[in-house]
Amino acid sequence: MKALLQPDSFSRPRSILAYLALLTGIATFLPGQIYLSTSLACLAIVLGWGNLRMVGRAIFVLILLLTVVALVNEPSAVPRAAGNMARIGSLIITVMLLSAVLGQSNDLKVISRSLFGGKPLLRYAGMTSGTAILSIPLNFGAVGVIATMIGLQVKDQGDSPMARNAARAVIRGFGASPMASPLSIAIVMTVTFLPGLSSWKLIALGLPFALLYLFAGTFAREEEPPREALLVDDAEPESALLPWLRFISIIALICVGAFTLSAWGGLLYSQAVTLSCLTAVVIGLIYRRLHDGVLAMPSLAMINNELAIMGGSSFLGGIVSTFALGWLGMDFSLPIWAYPLVAMVVPWLFFAGGAIGVNPIISGTLSGSILGPIWPEYGLLGLGLGIVAGWGITIAGTPYSANSLLLERCTGYSAQTASYGWSLRYSLAALVACSLVCAVFTLPF
């Protein structure tokens, strides 16, 4: 029992269980595969109890409690919940594998260095958009890569407006990714809880808002002294054109594969993204084997927090949505005028939750699972944008998100200062704009 409380206990078994959960999660031909995949993921979570965050432990306890309640009162909720966790859990594991494989590339160092050159305005725009692009496959690993270089700048040359603007650009770039990235957990979970909403429609609406959010940040930064230069090192910079082209080509191929499998292959969007990413992982591992002569499978021992928080939240969402539909009744609906008002409130609820430490995936689970069953089809785009945009604004503008804490660790800039001191008014303006757009797309026309 004591071993379970040690952060590094059972590392190898946890990694093996995560791989097995992934394989069974995509093996839809196996009888009972959703239950097997969910059980394997839960076992990996339990074996890593010692390094679970408090929110992960709370979610896992809720999984056990609500499963018992569902088996007694509403057994039909369990298959839906297990299916959610099997699909989202497989996606999480695959995205983490993709991040680990791409993170070994030398191109990544060249790309990240290329973001630090140019005049202040162009540098900020390049860094924030570059972070958003890197975040598509790397998740918050993109923040870690670029924030490490900002930390070197702070260490070598001290605090400066340039370094602070770079930090702003990084967290805002990461915040824009959930709004429009085809590989985003936010997009996948939103269309999971709102099955009547097409992923391409949500991305088509989220992309302009994400771009607006990104580049409006150029007006919410500090003035930099003239002729200031950010010197990551003294070496002659290597051209980043080919590395960028290779990296963007990989992302494009993964996205095309996901849309093809979803539209023509008849797969659920979460399954399509998982298989597309997994194909890229396999190709990357084969390339590494041929290039380096070794095949090193990334360890998944530390993924139990993501499985507990993200996968567990999707499980809870399946149960909560079934309960909510049962309690409210199949015919329950709000007045037509109420839906735009509720859509306006959704992004603010995300931000308020993030301000007190509630992970956006929990806010997304609750809003999607409760509102999804009672939402009119004509207004799904408004609700969907409220979820993904509220998610992105929250992880960029509140101090308890993983990227804010990672930025603090790499650069020394306080997460509170980066979130509220530098960007509070910017976040509030984005929330106002988001609310208005959500209301318009929830109107009955």
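Please read these numbers as outputs of a predicted model, since none were measured by experiment.

(A) How the structure looks around the nonpolar core. Core analysis: the largest hydrophobic core is formed by 131 residues, its most contacted members being Ile93, Leu134, Trp391 and Ile393. Examining the composition of this core, we find that 15 residues originate from one element, helix 4 (residues 77-102), more than from any other. Excluding its chain neighbours within four sequence positions, the residues that come into contact with Leu134 are Leu108, Ile111, Leu115, Asn139, Ala142, Ile146, Trp244 and Phe247.

(B) Fine view of empty space enclosed by the protein. Applying the stated criterion across every chain yields a total of three cavities of 30 Å³ or more. The calculated volume of the largest cavity comes to roughly 50 Å³. Taken together, Ala21, Ser37, Ala41, Met85, Ala86, Gly89, Ser90, Ile93, Leu307 and Gly311 form the lining of the largest cavity. Looking at the lining of the largest cavity, the elements that each hand over two or more residues are helix 2 (33-47), helix 4 and helix 13 (304-328). Looking at the lining of the largest cavity, the element that brings in the most residues is helix 4, giving five residues. Here the residues of the lining of the largest cavity are counted per class, giving six nonpolar, four polar and no charged.

(C) Region of interest: the layout of surface pockets. Size it by volume and the second largest pocket reaches roughly 580 Å³. Looking at the second largest pocket, it is lined by 21 residues, and the ones nearest its centre are Leu102, Ile250, Ile283, Gly284 and Tyr287. Those elements giving two or more residues to the lining of the second largest pocket turn out to be helix 4, helix 5 (106-114), helix 11 (241-263) and helix 12 (269-292). The element that contributes the greatest number of residues to the lining of the second largest pocket is helix 12, accounting for eight residues. In the lining of the second largest pocket, the residues fall into 12 nonpolar, six polar and three charged.

(D) Seen up close, the packing of helix 11 against helix 12. Across the interface, helix 11 lies against helix 12 with an axial gap of 8 Å and an inter-helix angle of 140 degrees. With respect to helix 12, the element helix 11 is oriented oblique. Crossing angle aside, the handedness with which helix 11 passes helix 12 is right-handed. Residue-level contacts link Leu253, Ile254, Gly257, Ala258, Phe259, Leu261 and Ser262 of helix 11 to Tyr269, Ala272, Val273, Leu275, Ser276, Cys277 and Ala280 of helix 12. Looking at side-chain class alone, the contact of helix 11 with helix 12 contains 11 nonpolar, three polar and no charged residues.

(E) Layout of the pattern of salt bridges. Evaluation of the coordinates by the stated rule reveals four salt bridges. Put simply, Glu222 and Arg164 hold a salt bridge, and the shortest N to O gap is 2.6 Å. Of the two residues, Glu222 is situated in the loop between helix 10 (199-216) and helix 11 and Arg164 in helix 8 (residues 161-180); the sequence distance between them amounts to 58 residues. Note on Arg164: relative accessible area 17%, which makes it buried. For Arg168, the salt bridge goes to Glu222, with nearest N and O atoms at 3.1 Å. In this pair, Arg168 is assigned in helix 8 and Glu222 in the loop between helix 10 and helix 11, connecting sequence segments 54 residues apart.

(F) Inspection of the side chain of Ser435 at higher detail. For Ser435, the position within the fold is in helix 19 (residues 424-440). In this structure the side chain of Ser435 is engaged in a polar contact, spanning 2.7 Å, whose partner is the side chain of Trp348. Every residue in contact with Ser435, bar those within four places of it in the chain, is listed here: Met344, Pro347 and Trp348.

(G) Layout of the environment of Lys119. Its place among the elements puts Lys119 in the loop between helix 5 and helix 6 (120-138). Distance in space between the C-alpha atoms of Lys119 and Glu224 is 9.7 Å, their sequence separation being 105 residues.

(H) Structural view of a nonpolar patch on the surface. On the surface, Trp348, Leu424, Leu428, Val432 and Leu436 cluster together to form a nonpolar patch covering roughly 400 Å² of accessible area. By residue number, the principal contributor to the nonpolar patch is helix 19, which donates four residues. Positionally, Leu428 belongs in helix 19.

(I) Structural view of the confidence of the model for the protein chain. Predicted confidence across the protein chain gives a mean pLDDT of 86, with 94% of residues reaching 70 or more. At the level of individual helices and strands, the protein chain shows its lowest average pLDDT in helix 7 (residues 141-157), which scores 77, and its highest in helix 19, which scores 96. Considering only residues more than four positions removed or in separate chains, one finds that residues 228-232, a stretch of pLDDT under 50, has 13 contacts.

Definitions and limits used
- Residues numbered from 1 in each chain as written.
- Predicted model: local features only at pLDDT ≥ 70, side-chain atom pairs only at ≥ 80, totals over all residues.
- Heavy atoms only, no water.
- Core = buried A, V, L, I, M, F, W, Y, C linked by side-chain atoms within 4.5 Å.
- Buried < 20%, exposed > 50% of the residue type's maximum accessible area, 1.4 Å probe, protein only.
- Helix = DSSP H or I, 4+ residues; strand = E, 2+ residues; numbered from the N terminus.
- Contact = heavy atoms within 4.5 Å.
- 1 Å grid on protein atoms, 1.4 Å probe; cavity = no way out; pocket = protein on both sides within 12 Å on 5 of 7 lines; lining within 4 Å.
- Points joined across faces, edges and corners; volume = space filled by probe spheres on them.
- Nonpolar A, V, L, I, M, F, W, Y, C, P; charged D, E, K, R; others polar.
- Axes fitted to C-alpha atoms, helices over the stretch in contact; angles between N-to-C directions.
- Parallel < 35°, antiparallel > 145°, perpendicular 65-115°, else oblique.
- Left-handed = near helix turned anticlockwise from the far one by under 90°.
- Salt bridge = Lys/Arg side-chain N within 4 Å of Asp/Glu carboxyl O.
- Polar contact = N/O pair within 3.5 Å; in protein donor to acceptor, adjacent residues only side chain to side chain.
- Patch = residues over 30% accessible without salt bridge, like charges linked within 9 Å, V, L, I, M, F, W, Y side chains within 5 Å.
- Areas by Shrake-Rupley, 256 points an atom, 1.4 Å probe, with all protein chains shown as cover.
- pLDDT = per-residue confidence, 0-100.

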